[in-house]
Amino acid sequence: MVTSRPVAVLGGGTMGIGIAQVAAEQGYTVRLYDITDDVLDKALAGLRGRLEKLEQKGKRPAGDTELVLGRIVPTSTLDALHDVALVIEAVPEKLELKRAIFSQLEAICPPDAVLASNTSSIPITAIAGGLKSPERVVGLHFFNPAPLMKLVEVISGMHTGAEAVAFADAFAITLGKTTAKCIDTPGFIVNRVARGFYGEGLRLVQEGVATKEQIDKIARLGGNFRMGPFELMDLIGIDVNLSVSQSVYHATYEEQRYRPNPIQERMVHAGDFGRKTGRGFYRYDQ
Ligand SMILES: C[C@H](O)CC(=O)SCCNC(=O)CCNC(=O)[C@H](O)C(C)(C)COP(=O)(O)OP(=O)(O)OC[C@H]1O[C@@H](n2cnc3c(N)ncnc32)[C@H](O)[C@@H]1OP(=O)(O)O
Ligand SMILES: NC(=O)c1ccc[n+]([C@@H]2O[C@H](COP(=O)([O-])OP(=O)(O)OC[C@H]3O[C@@H](n4cnc5c(N)ncnc54)[C@H](O)[C@@H]3O)[C@@H](O)[C@H]2O)c1
């Protein structure tokens, strides 16, 4: 462990709950913040269900579920973050929302706390812009599902300090992750590389070349990907994926190869966000 003080995770959605889980598994006390107690209850009930299942299968030691959950303290007030050493923000991929939260964090958290964002694509420099101490803002980009994926990108914004990078990097390593340091470039590394995977899959469907089912199967069997692009977009969240596409597109001064696809936009309008809403490119039991 890099600190005995609590760490905070902001947002108990797809990513936040997974990050809270891995931190709690390594002994960190986690303050999990979300907007309502109801959202927090649902997030923790989902985590309990997943942990209990693994415990029943003998994949985790008896009593482990209670131990891990006991270290996650839910809160719907930001003031509860007054004693943390590190914040990992995982709220929706919207710049204005993130900026508003970071400005509150700066006033509430101890002056030495490192403020990290799990953003997929928003420049760390833009999240830190306007803060009094941008040197403590860093990107800590986990991958979905956070408990299983080994990589974490550690991103330096224009004014990120070496101490914040070192602390965030060391923290991720204590979670058993492999880190990749990178500068604040649109989509960082993985999301930049992956734009073609989703974008070309969507174009093939639009052109009537193949169905989403065929493309997913071919990607799995012919490319040895764990999931095809449509299965993966459903896992990530169509809303999140669209935001990432928009963000990379705008950050590259509208390079055509990154242009978001209207199929994604229509699905977001319809509320078909993928696994988390039960319907995306495929249907899921809720
Ligand atoms: C957009 C962002 O900025 C960046 C990103 O995150 S891009 C997305 C990166 N992620 C990927 O590419 C994921 C690719 N897919 C996969 O790795 C796998 O398909 C998968 C791990 C999601 C599911 O695995 P799969 O074998 O198909 O299904 P499943 O049998 O349900 O799960 C396998 C194991 O993972 C566990 N698991 C699945 N989802 C989990 C979750 N959310 N949390 C914890 N454990 C999970 C299951 O419990 C199961 O464990 P067991 O074998 O010990 O019983
Ligand atoms: N989904 C992915 O595959 C993935 C992977 C890596 C990084 N990310 C990034 O992580 C962040 C979160 O993504 P997600 O997929 O977990 O989103 P999500 O939609 O699943 O969850 C977002 C959570 O934030 C909460 N929230 C909304 N407004 C809030 C506020 N003002 N304060 C606190 N919480 C608030 C919501 O209630 C929800 O629980 C985004 O920046 C996203 O780009 C996502």
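Given the structure is predicted, the values throughout are model-derived calculations rather than measurements.

**As for the site of ligand 1**
So, point 1. For ligand 1, the set of nearby residues contains 17 residues, the closest of which are Lys57, Ser120, His141, Asn144 and Asn191.
So, point 2. Measuring from a nitrogen atom of ligand 1, one finds a backbone N or O atom of Asn144 at 2.7 Å.
So, point 3. Protein chains bury 65% of the 1000 Å² of accessible surface belonging to ligand 1 in isolation.
So, point 4. Among the elements that take part in the shell around ligand 1, helix 9 (residues 229-236) stands out by supplying 3 residues, more than any other.

**Some remarks on unusual backbone geometry**
So, point 1. Asn144 connects to Pro145 through a cis peptide bond whose omega is 0 degrees.
So, point 2. With respect to the secondary-structure elements, Pro145 resides in the loop between strand 6 (137-142) and strand 7 (151-156).
So, point 3. In the Ramachandran plot, Tyr253 falls in the positive-phi region, its phi being about 55 degrees despite a non-glycine side chain.
So, point 4. Along the chain, the position of Tyr253 falls in the loop between helix 10 (238-251) and helix 11 (262-270).
So, point 5. The class of Tyr253 is exposed, set by a relative accessible area of 76%.

**A look at the nonpolar core**
So, point 1. Counting residues in each nonpolar core, the largest one holds 37 residues, and the members touching the most others are Val30, Leu32, Ile72, Val138, Leu140, Phe142 and Phe171.
So, point 2. The leading source of residues in this core is helix 1 (residues 14-25), at 7 residues.
So, point 3. Discounting residues that sit within four places of it in the chain, Phe171 has contacts with Val2, Val7, Ala23, Tyr28, Leu86, Ile88 and Leu140.
So, point 4. Counting 23 residues, the second largest nonpolar core, distinct from the first, contains Val84, Cys109, Ala113 and Ile122.

**Things to note about the site of ligand 2**
So, point 1. Neighbouring ligand 2 are 25 residues, the closest being Asp34, Glu93, Lys98, Ser120 and Ile236.
So, point 2. The contact in question runs from an oxygen atom of ligand 2 to an N or O atom on the side chain of Asn118, over 3.0 Å.
So, point 3. For ligand 2, an oxygen atom lies 3.0 Å from a polar atom in the side chain of Asn144.
So, point 4. With 3 residues, the top contributor of residues to the shell around ligand 2 is helix 4 (residues 95-108).
So, point 5. A breakdown of the residues in the shell around ligand 2 according to their chemical character gives 12 nonpolar, 9 polar and 4 charged.

**Here we look at the domain arrangement of the protein**
So, point 1. Assigned domains of the protein: these are domain 1 (7-183) and domain 2 (192-276).
So, point 2. Between domain 1 and domain 2, the C-alpha centre-to-centre distance is 26 Å.
So, point 3. Listed per partner, the contact involves 8 residues of domain 1 and 8 residues of domain 2.
So, point 4. Overall, the association of domain 1 and domain 2 removes approximately 560 Å² of surface from exposure, summing both partners, and the carbon and sulfur fraction of that is 54%.

Cut-off values and rules
Residues numbered from 1 in each chain as written. Chains lettered and ligands numbered in written order. Predicted model: local features only at pLDDT ≥ 70, side-chain atom pairs only at ≥ 80, totals over all residues. Heavy atoms only, no water. Near = heavy atom within 4 Å. Polar contact = N/O pair within 3.5 Å; in protein donor to acceptor, adjacent residues only side chain to side chain. Areas by Shrake-Rupley, 256 points an atom, 1.4 Å probe, with all protein chains shown as cover. Helix = DSSP H or I, 4+ residues; strand = E, 2+ residues; numbered from the N terminus. Buried < 20%, exposed > 50% of the residue type's maximum accessible area, 1.4 Å probe, protein only. Core = buried A, V, L, I, M, F, W, Y, C linked by side-chain atoms within 4.5 Å. Contact = heavy atoms within 4.5 Å. Nonpolar A, V, L, I, M, F, W, Y, C, P; charged D, E, K, R; others polar. Domains from an automatic or database assignment. Buried area = accessible area lost by both parts, 1.4 Å probe.

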